[in-house]
Every structure is written in C-alpha cells, then in structure tokens.
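# Notes for the structure review
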Amino acid sequence: MNWIMQIQLERMCGKLEFDIIYNQDCIDGMKLIPDNSIDLIVTDPPYGIKYQSKFRPKTEKFAVLKNDDNDLRFVSYLEMFRILKQNACCIVFASWKNFAYDYMELEKLFSIKNTIIWFKKGGGMGDLKHSLSTDYEIAIVCHKGKCPIRGKRDGSVWEVARMNPNNMQHPTQKPTELIERLIEKFSDEGDIVLDPFIGSGTTAVAAVNTNRHYIGFEVDETYFNVSLQRLDKAEGKGRMNI
Ligand SMILES: C[S@@+](CC[C@H](N)C(=O)[O-])C[C@H]1O[C@@H](n2cnc3c(N)ncnc32)[C@H](O)[C@@H]1O
C-alpha cells in the first residue's frame with residue numbers, strides 16, 4: 001500500500017472520508033457511515049417554516065432554503081441516532097415556532113438533557129406592533145446514553161453576538177464562536193463532528209478551529225461552494241472567526 005492510500009485509509013469513516021464536506025443529500029450520505037461511529041453531531045436543519053427574511057432582497061443567494069417546506073429533518077434524526085456513538089451527544093437547533101415538534105421527534109430516540117438558549121443580543125424585525133423581538137434561538141441537547149460535559153458546568157443561556165448581516169454568506173449562518181463553544185463542551189480534540197445540514201460550513205470551520213475532524217453534507221451547490229471557501233481560509237490561516 002502506498003502512503004497516499006495509507007493516509008486515505010486513516011481518514012475513513014466507513015465508506016466516507018472525514019475532513020470533507022459532501023455536496024449531497026445528508027440522508028443518502030449518512031447511510032454510508034457505520035453505526036456508532038460519530039463523536040458529536042451539531043446541526044441546524046431547515047426549520048420546516050419556509051424560512052426567508054422579509055427584509056432581505058429575494059436574491060438568488062438567499063433563496064428559500066432547500067427542504068424548508070417539509071419534515072425531512074425528522075427522517076434525518078433516525079440516521080443521526082444510528083451513527084452517533086454511545087455516550088455521545090447530538091445538538092439540534094430549532095426555531096421556537098416548531099421547536100415542540102422537533103423535541104417530540106428527538107425524544108423518541110434520544111434522552112434530552114437540556115435546551116440551550118442562544119441569546120443573540122438583538123432580534124430580527126418581524127411584527128413590530130404585536131410581537132416581542134426574537135433575540136434567542138434554541139438548541140436541543142440530545143444524549144445517546146450519557147454524554148459528559150467537558151470543563152466547567154455552564155448554565156443554559158449562552159450569550160454570543162449574532163452575525164453582522166453584512167458578513168453573512170447564508171441566511172441562517174451561525175456565529176463560529178457559538179459552534180466552537182458547543183464542540184468544546186461536548187467533545188474532545190481529535191473527535192469526529194458531523195453536521196448533516198452544514199449550510200455555509202460553520203460547523204466544519206469551528207471543528208478545524210478546535211482541532212476536531214468533521215464530516216458535513218450540504219445539498220445546495222451555492223452554499224456548498226461557500227463552505228469550501230470558508231474552510232480554505234480556516235485550514236490555511238489557523239484559528240479565526242470567519
Ligand atoms: C439552517 S441551514 C444551516 C446553516 C448553517 N448553520 C450555517 O451556519 O451556515 C440548513 C441547510 O441545510 C441544507 N439542506 C437542506 N436539505 C438538505 C439535505 N437533504 N441534505 C443536506 N443539506 C440539506 C440547506 O440547503 C441549508 O443550507
């Protein structure tokens with residue numbers, strides 16, 4: 001066996017190489033990953049609410065997210081449970097509008113230990129007259145077995161400034177700092193972190209910044225290309241919030 005094949009073999013997770021984002025449907029992709037082989041899942045699936053900001057021009061770049069008008073994510077939860085290691089954790093972002101449905105689906109598989117409230121320090125616009133501003137998002141912390149927290153026992157409200165909209169390359173892009181904090185709290189260096197709905201690649205950038213391996217799937221070619229550009233910068237220049 002030559003050294004290239006040797007390196008490739010060392011970077012395999014079943015039939016998939018890790019430290020790669022795949023431009024494909026995550027359910028097909030996850031079927032190639034063996035049972036009990038992923039150390040942490042952090043994901044922000046399409047919310048099932050046909051998300052599109054009313055205050056952003058309807059450009060090609062920020063078109064309606066793929067699969068945001070259906071419940072495909074519920075099917076993906078079955079695969080996520082299968083491939084997650086025992087005593088590991090799966091963190092799923094959800095919108096307050098349908099968070100209850102995600103909670104109920106996830107609870108059929110996992111033991112839900114917490115929800116983390118990401119306090120964004122500022123909300124979107126919305127109905128200024130009748131509704132309070134939504135200045136938070138919810139992440140559901142699901143355990144397969146019992147996943148230990150790393151470092152100190154934090155509270156469940158995490159204050160991290162949201163992205164400056166001018167710097168966003170994806171309509172629901174998460175701050176890298178937030179995802180790094182989740183990765184560090186629920187995994188160890190060298191672990192494999194999976195994001196089946198990786199969008200602009202934030203989870204992969206955060207994994208690189210925290211010395212973890214990653215696997216990502218993104219079905220939309222535009223966002224897939226954005227994720228590759230962001231990864232190039234992260235892998236080339238070391239720790240940075242891009
Ligand atoms: C809420 S966004 C994730 C944004 C991400 N957290 C970020 O920081 O950029 C969900 C993404 O899932 C993608 N997606 C939808 N269905 C998919 C599927 N079946 N397989 C893989 N990706 C999918 C969408 O194109 C979208 O970019």
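An account of the accompanying structure is given in this report. These numbers were taken from a predicted model, which means no experiment stands behind them.

What counts as what
- Residues numbered from 1 in each chain as written.
- Predicted model: local features only at pLDDT ≥ 70, side-chain atom pairs only at ≥ 80, totals over all residues.
- Axes fitted to C-alpha atoms, helices over the stretch in contact; angles between N-to-C directions.
- Helix = DSSP H or I, 4+ residues; strand = E, 2+ residues; numbered from the N terminus.
- Parallel < 35°, antiparallel > 145°, perpendicular 65-115°, else oblique.
- Left-handed = near helix turned anticlockwise from the far one by under 90°.
- Contact = placed C-beta atoms within 7 Å.
- Pairing = 2+ DSSP bridges.
- Near = placed C-beta within 6 Å.
- Nonpolar A, V, L, I, M, F, W, Y, C, P; charged D, E, K, R; others polar.
- Core = buried A, V, L, I, M, F, W, Y, C linked by C-beta atoms within 7 Å.
- Buried ≥ 20, exposed ≤ 12 C-beta atoms within 10 Å, placed from the backbone.

## Considerations on the packing of helix 5 (residues 176–186) against helix 6 (residues 202–209)
- One way to put it is that helix 5 packs onto helix 6 with a least axis distance of 9 Å and a crossing angle of 60°. With respect to their mutual orientation, helix 5 and helix 6 come out oblique. Between helix 5 and helix 6 lies a crossing whose hand is right-handed. Across from Thr176, Ile179, Glu180 and Ile183 in helix 5, the residues of helix 6 making contact are Thr202, Thr203, Val205, Ala206, Ala207 and Asn209.

## Section: the sheet that holds strand 3 (residues 20–22)
- Across the sheet, which stays open at both edges, the 8 strands sit in the order 3-10-9-4-5-7-6-8 with mixed pairing between neighbours. The open sheet has two edge strands with one neighbour each: strand 3 and strand 8 (157–159). Going from strand to strand, the sheet's axes swing by 20° on average, the running direction of each strand aside.
- Relative to strand 7 (residues 136–144), strand 5 (residues 84–94) runs antiparallel, the two being bridged by 7 bridges. Paired with Val92 across the two strands is Ile140, which belongs to strand 7.
- Each of strand 4 (38–43), strand 5 and strand 7 touches helix 3 (residues 72–83); the most contacted strand, strand 5, lies at about 150° to it.
- Contacting strand 5, strand 6 (111–119) and strand 7, helix 4 (residues 99–107) crosses the sheet at an angle of about 5° to strand 7.

## Quick word on the site of the ligand
- Taken together, 22 residues surround the ligand, and among them Asp44, Phe197, Gly199, Ser200 and Thr202 come closest.
- Residues that form the shell around the ligand fall into these classes: 9 nonpolar, 7 polar and 6 charged.

## Considerations on the nonpolar core
- Leu40, Ile41, Cys89, Cys90, Ile91, Val92 and Ile183 are the most contacted members of the largest nonpolar core, which totals 52 residues.
- Apart from the residues within four sequence positions on either side, Ile41 is in contact with Met80, Leu84, Cys90, Ile91 and Leu194.

## Some remarks on helix 6
- Counting buried positions over the 8 residues of helix 6 gives 8, a clear majority of the element.
- All of the buried residues along helix 6 are Thr202, Thr203, Ala204, Val205, Ala206, Ala207, Val208 and Asn209.

## Things to note about the pairing of strand 6
- Judged from the 8 bridges that link them, strand 6 and strand 7 form a sheet pairing that is antiparallel. Across the sheet, Trp118 pairs through a bridge with Glu137, a residue of strand 7.
- As defined by bridge partners, strand 6 adjoins strand 8 across 3 bridges and the pair is classed as parallel. Residue pairing across strands places Phe119 opposite Glu159, the latter belonging to strand 8.

## Details of the environment of Phe224
- Tracing the backbone shows Phe224 in helix 7 (residues 221–237).
- With 200 residues separating them along the chain, Phe224 and Gln24 place their C-alpha atoms 9.2 Å apart.
- Sequence-distant contacts of Phe224, defined by excluding residues within four places in its chain, comprise Ile21, Asn23 and Glu218.

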